[in-house]
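Here's the letter readout for the chains.
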Amino acid sequence: MAISMDEAAAALREAMRETVKRYSLWYLIQGVLLVVAGVLALVYPFIASVTVVFLLAWILIASGVLQGIGLIGASNVPHYWLQLISAVLAILIGVILLSSPDSGLLIMTVLLIVYFMVEGIAKVIFALTIRPFPHWGWVLGSGLVGILLALILWANMPLSSDWVLGLMLGILLVCEGAALTYLAWQVHTAPAVNAS
């Protein structure tokens, strides 16, 4: 027996509401940690910007080294040379980012624009999915802030300075953390879920 799209959407919304209710404590902890990380990024925006670049550099170097180690003695593996080139490029890009974090900031700005946009869209979709849930508008607002920050950063990208990256990251983390914390607290303290 097939169900209609409206019934499937209602079942999905109810499942999402129950998941938020069941894991409200974890959402609360995640929200508080996001707010703390956001405040630190706002207080130290340049350090946050450069830290992101250095973190990416070390992740690339580590993944390239591990991929290279995995290729030792595996020259018969299909596409061996492509995997070897990929490992070498990961290490090379990581070293370049470590030696010149300023050039990495431009790359990270573009990546952060993509992150803000995707995260903002995901939050908007999540908010609309749990939509008559109490205080769902806060999650929607945080998603819209993420999209707005992506657009502002894109519009000012050639002029954006080193601290803008950390500042934007801090604003987004505080907004998302506050929205998740508020939603989780309301759900955690509510006696029952109102599905209407």
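Everything quoted here is computed from the prediction, not taken from an experiment.

Chemist: Quick question: what am I supposed to make of the packing of helix α4 (residues 80–99) against helix α5 (residues 101–129) here?
Modeler: Two quantities define a packed helix pair, namely the angle between the axes and the distance from one axis to the other. For the pair α4 and α5, interaxial distance at closest approach is 5 Å and the crossing angle is 115°. The angle between the axes of α4 and α5 places the two elements in the roughly perpendicular class. Within the contact between the two elements, α4 uses L97, L98 and S99 and α5 uses P101, G104 and I107. Within the contact of α4 with α5, the residues separate by chemical class into four nonpolar, two polar and no charged.

Chemist: In this structure, what is going on with the environment of I152? I would like to understand it.
Modeler: Note that I152 resides in helix α6 (residues 136–155). Residues I152 and I85, 67 residues apart in the sequence, show an inter-C-alpha distance of 36 Å.

Chemist: I keep staring at the nonpolar core and nothing clicks. Help me out?
Modeler: Within soluble globular proteins, side chains that are nonpolar generally end up buried alongside one another. Ranked by size, the top nonpolar core spans 20 residues in total, and within it L112, F116, L153 and M168 carry the most contacts. Within the residue set of this core, elements represented by two or more residues are α3 (45–71), α5, α6 and α7 (162–189). With eleven residues, the next largest nonpolar core counts V124, I130, F133 and V139 among its residues.

Chemist: What is the right way to look at helix α2 (residues 24–43) in this model?
Modeler: Residue pairs spaced three or four apart in an α-helix point in one direction, given the helix's 3.6 residues per turn. Compared with the 28 Å implied by 1.5 Å per residue over 20 residues, the 29 Å span of α2 between its first and last C-alpha is a close match. Buried within α2 we find S24, L28, G31, L34, G38 and A41. One side of α2 holds all its buried residues, which, seen down the axis, span an arc of 150°. Turned more than 90 degrees away from the buried face of α2, the exposed residues are W26, L33 and V43.

What counts and how
- Residues numbered from 1 in each chain as written.
- Predicted model: local features only at pLDDT ≥ 70, side-chain atom pairs only at ≥ 80, totals over all residues.
- Heavy atoms only, no water.
- Axes fitted to C-alpha atoms, helices over the stretch in contact; angles between N-to-C directions.
- Helix = DSSP H or I, 4+ residues; strand = E, 2+ residues; numbered from the N terminus.
- Parallel < 35°, antiparallel > 145°, perpendicular 65-115°, else oblique.
- Contact = heavy atoms within 4.5 Å.
- Nonpolar A, V, L, I, M, F, W, Y, C, P; charged D, E, K, R; others polar.
- Core = buried A, V, L, I, M, F, W, Y, C linked by side-chain atoms within 4.5 Å.
- Buried < 20%, exposed > 50% of the residue type's maximum accessible area, 1.4 Å probe, protein only.
- Expected span 1.5 Å × (residues − 1).
- Arc of directions from axis to C-beta.

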